[in-house]
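Examining the three-dimensional arrangement
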Amino acid sequence: MGSHAMRAAVTLGAAAALAASLGTASAAPAEERTARQADETVLVDCAWETLVRPEAFLIACGDGNSRLESLDWSRWDARAAVGRGVNVVNDCEPYCAAGTFHPYPVTVRLDRPATWEKDPDERHFTRMTLTYTDGRPDGFPRTVTYPLWD
């Protein structure tokens, strides 16, 4: 196997292992999902599960190289959610499979609620804004805004 093929195989294997280990990290307990109010605005994760006040959330669904952990929400209502946590980001040096994950404290804001295409009875947040409060990944601005999937 050539070095490029070997590197690709290692990268894919590492990404699959990471995704498998993190796949349920953003999933809320079933009782939390069923106990929530029907009119609560939700956050949709990579597995299309609806979450309310999750403790963790995978941002980079494809490769698992960015996730939120230790989330503590001070606000969660129909218009917005605000909390604090840690954005754990892979530096991908020298490449992602061999990279190191680094924690960066952030404030998280979810907003722009809309009807969820998959379930028109649900409203979900469509935008996430992270503000780094103490350091940030190389090349990142202090505030980063992501559109959330539908």
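Below or above, wherever it landed, is the structure these notes cover.

Moving on, we come to the pairing of strand S5 (residues 81–90). Across the ten residues of S5, seven count as buried, placing the element largely inside the fold. Hairpin remark: strand S4 (residues 66–76) followed by S5, antiparallel, with four residues in the connecting loop. By the bridge criterion, ten bridges tie S5 to strand S6 (residues 101–115) in an arrangement that is antiparallel. Bridge pairing in S6 places glycine 83 opposite valine 108.

To continue, consider the packing of aromatic side chains. Taken as a whole, this structure holds five aromatic pairs when the rule is applied. With centroids separated by 5.9 Å and ring planes inclined at 10°, the aromatic side chains of phenylalanine 57 and tryptophan 149 adopt a geometry described as stacked. Taken together, the residues phenylalanine 57 in strand S3 (residues 57–58) and tryptophan 149 in the segment after strand S8 (143–147) connect sequence positions 92 residues apart. The partly exposed category is assigned to tryptophan 149, whose relative accessible area is 24%. For the ring pair tyrosine 104 and tyrosine 132, a centre distance of 6.2 Å and an interplane angle of 90° mean the geometry is edge-to-face. Within this pair, whereas tyrosine 104 is found in strand S6, its partner tyrosine 132 is found in strand S7 (residues 123–132), the two being separated by 28 residues in sequence. On the accessibility criterion, tyrosine 104 (15% relative accessible area) is buried. We classify tyrosine 132 as buried; its relative accessible area is 3%.

Another aspect to go through is the nonpolar core. Of all hydrophobic cores here, the largest spans 24 residues; its most connected members are Phe57, Leu68, Trp76, Val108, Leu110, Met128 and Leu130. Looking at this core, the elements with two or more residues in it are strand S1 (43–44), S4, S5, S6 and S7.

All right, on to the pattern of salt bridges then. Counted by the stated rule, this structure contains five salt bridges. One salt bridge connects glutamate 69 with arginine 67, and the closest N-O pair in it is separated by 2.6 Å. Classification of arginine 67 as buried rests on a relative accessible area of 14%. Here aspartate 77 and arginine 75 are joined by a salt bridge, their closest N and O atoms 2.8 Å apart. Here arginine 75 falls in the partly exposed class, since its relative accessible area comes to 28%. Among the ionic contacts, a cluster of salt bridges with common partners joins Arg109, Asp111 and Arg127.

As a further point, take the state of the cysteines. Taken as a whole, this structure holds two disulfides when the rule is applied. Note on cysteine connectivity: cysteine 92 is disulfide-linked to cysteine 96, with sulfurs 2.0 Å apart. Residues cysteine 92 and cysteine 96 share a disulfide whose torsion about the S-S bond is about 95°; that sign makes it right-handed. Here the disulfide map of the chain reads 1-2, 3-4, the bonded cysteines being numbered as they appear in the sequence.

Glancing now at the sheet that holds S6. Pairing is antiparallel across the open sheet formed by six strands, whose spatial order is S3-S4-S5-S6-S7-S8. The strands lining the two open edges of the sheet, one partner per strand, are S3 and S8. Here S4 runs beside S5; their pairing, made up of eight bridges, is antiparallel. Among the inter-strand pairings, arginine 75 is bridged to a residue of S5, identified as valine 82.

What counts and how
- Residues numbered from 1 in each chain as written.
- Predicted model: local features only at pLDDT ≥ 70, side-chain atom pairs only at ≥ 80, totals over all residues.
- Heavy atoms only, no water.
- Buried < 20%, exposed > 50% of the residue type's maximum accessible area, 1.4 Å probe, protein only.
- Helix = DSSP H or I, 4+ residues; strand = E, 2+ residues; numbered from the N terminus.
- Pairing = 2+ DSSP bridges.
- Phe/Tyr/Trp six-rings, centres within 6.5 Å; stacked < 30°, edge-to-face > 60°.
- Core = buried A, V, L, I, M, F, W, Y, C linked by side-chain atoms within 4.5 Å.
- Salt bridge = Lys/Arg side-chain N within 4 Å of Asp/Glu carboxyl O.
- Disulfide = S-S within 2.5 Å.

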